[in-house]
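Structural characterization, general
Each chain, letter by letter, is given below.
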Amino acid sequence: MSDASASHAADRRELTAAQRNAVAELLRVSPVADELGRRFVRAGHELHLVGGSVRDALLGRLGDDLDFCTDAHPDETLRIIKGWAESIWETGREFGTIGAQRDGLRLEITTFRAESYDQVSRNPVVVYGTNLTEDLKRRDFTINAMAVSVPEHRFTDPHGGLEDLSAKVIRTPSTPGESFGDDPLRMLRAARFAAQLGFAVHPDVHSAMSRMSADLDRITVERIRDEFTKLLCGADPITGLRLLVDTGLAERFLPELTGLKLEIDEHAQHKDVYEHTLTVVENAVSFEEDGCDFILRMAALMHDVGKPATKAVGSDSRVSFHHHEVVGARLTKARMKALRYPKEVTAKVTGLVALHLRFYGYGRGEWTDSAVRRYVADAGDLLPRLHKLTRSDCTTRNRRKAAQLAADYDALEERIARIATEEDLARVRPDLDGNAIMELLGVPPGPVVGRAWKHLKEQRLEHGPLDRDAAEAELLRWARAEGLID
């Protein structure tokens, strides 16, 4: 057998395996899907499982959210599913979509569409289509442009999506220029699918993404944020991140990532900050215990964004980035605010960036128990993530140095655990509460109580827990020094 024949035979085996996956997945949902399809057929309409649902079925990973398309208009769809669906929602009605739930499955049924775009925003002018072929052609990628009719299970693939799925290639049904011109968000979706599925984008798609990256400015920041979050939470975020930088898309909404590509010269050498950052993200993923931890991944991605602004070359040609964690935290907060991430998410990511260097120096034996308490207190509920981020940040190729850093952090974690068994490190608070402070000093609620509370907390961090008598004595000593009592 020739090499070409062997290759085609292998492709056929892969396609057959993909089709077997689809059959197995469709059998799981077919009692609901086929029953729904029969209702549409009896009403004189057609119904197809479509898009991501077919793609995921072929990959053997179909979830509980199913997408359908039909020639029935929304009013007719509502009439068909009323009394059958356990619940119905119409939030997507203006785009021709009716939602329903049945037997634990969430179903979205959308009328065939043939919309055009205004080429200014990404908002489509919704025009109902009349046939499946027209509907599939308007979809973003060939792997999302396949359909399976229900209840007949007839497979429709006019754009070679099955072959692209087998080849692990992201390609557009129409030309990339037409597709991205209609909806520039599709460029970011291409990078997102590359990250989620581990696929490569077709060279024509890559070229169009580079050429048209500025068109992403037409998209709202919320939609960009949502796609980027899915990308970063993909199984292979590094592939997606590289695509963003290589095509110029990152420059449109996350320029700090592109900015990590510092010039490295032979006289003032330092590690490649961009490559180091991607490695840190990869390391962080390996530390996750239960799915994507976006806060940890985002902190890993942003932890060194302060380096470009703080780079300095000393007289000995050594490169330094003094206080880059402070600058990086500020840049991270500003960027996440611009992308409109929730404040609590932004605060956690920013906190990790600000703290990621705190550990270095521990190995020299300079940390007192007080320093360990402060480390834990400053990290608060971020401590488990800080442990992972700090370990992820060790990317040195020097095995002895890497082993020493790992051993040092092991020692720190053991020390934290030891002190935690002796003290309530999870909740470092003063040994007297506000009521006790007011009673002992004879003062009303106000700034004095706050100052006293802060002083007692400092004592708690510095010396560990005090018993009641010692805490009261320290409070009285402070109050006399402040001139609050005789």
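Residues numbered from 1 in each chain as written. Predicted model: local features only at pLDDT ≥ 70, side-chain atom pairs only at ≥ 80, totals over all residues. Heavy atoms only, no water.

**Points about the environment of Pro 176**
Basically, it comes down to this: Where helices and strands are cited, they refer to DSSP runs of H or I of at least four residues and of E of at least two residues respectively, numbered from the N terminus. Each residue is assigned to one of three classes by its accessible area relative to the maximum for its type, calculated with a 1.4 Å probe on protein chains only: buried under 20%, partly exposed between the two thresholds, exposed over 50%.
Tracing the sequence through the fold places Pro 176 in helix α6 (residues 176-182). For Pro 176, a relative accessible area of 14% gives the class buried. A C-alpha to C-alpha distance of 9.2 Å links Pro 176 and Asp 140, two positions 36 residues apart in sequence.

**Quick notes on empty space enclosed by the protein**
As a reminder of what qualifies: Both site types are read off a 1 Å grid over the protein atoms alone. A 1.4 Å probe that fits but cannot get out defines a cavity, while an open set with protein on both sides within 12 Å along at least five of seven lines defines a pocket; lining residues have an atom within 4 Å of a point. Grid points are joined across faces, edges and corners, and a volume is the space filled by probe spheres set on the points. Gly counts as polar in this scheme, as do all residues outside two lists: the nonpolar Ala, Val, Leu, Ile, Met, Phe, Trp, Tyr, Cys and Pro, and the charged Asp, Glu, Lys and Arg.
The full count for this structure, using the stated rule, is one cavity of 30 Å³ or more. If you tally residues by element for the lining of the largest cavity, the top one is helix α1 (residues 3-42), at four residues. By residue class, the composition of the lining of the largest cavity is five nonpolar, two polar and no charged.

**Here's the deal with the state of the cysteines**
For the record, the criterion: Note on disulfides: each one is a pair of cysteine sulfur atoms within 2.5 Å.
For the structure on display, the rule yields one disulfide. In this model, Cys 233 is linked to Cys 292 through a disulfide, with the two sulfur atoms separated by 2.1 Å. Since a negative S-S torsion denotes a left-handed disulfide, the Cys 233-Cys 292 link at about -60 degrees is left-handed. Here Cys 233, found in the loop between α9 (221-232) and α10 (237-247), pairs with Cys 292, found in the loop between α13 (273-287) and α14 (294-302); they are 59 residues apart in sequence, far enough to count as distant. By relative accessible area, which is 33% here, Cys 292 ends up partly exposed.

**Describing the sheet that holds strand β8 (residues 147-149)**
Two modes of strand pairing occur in sheets, parallel and antiparallel, and in both the strands are linked by backbone hydrogen bonds. Quick reminder of the rule: Any two strands with at least two DSSP bridges between them are considered paired. Whether two residues are in contact is decided by their heavy atoms: any pair within 4.5 Å suffices. Note on method: axes are straight lines fitted to C-alpha atoms, helices fitted across the in-contact stretch only, with angles between N-to-C directions ranging 0 to 180 degrees.
Overall, mixed pairing links the seven strands, which are arranged β3-β4-β5-β2-β1-β8-β9 in an open sheet. The open sheet has two free edges, formed respectively by β3 (87-89) and β9 (155-156), since each of these has just one partner strand. Along the sheet, helix α3 (residues 74-81) contacts β2 (65-70), β3, β4 (97-102) and β5 (105-111); its crossing angle with β4, the most-contacted strand, is approximately 15 degrees.

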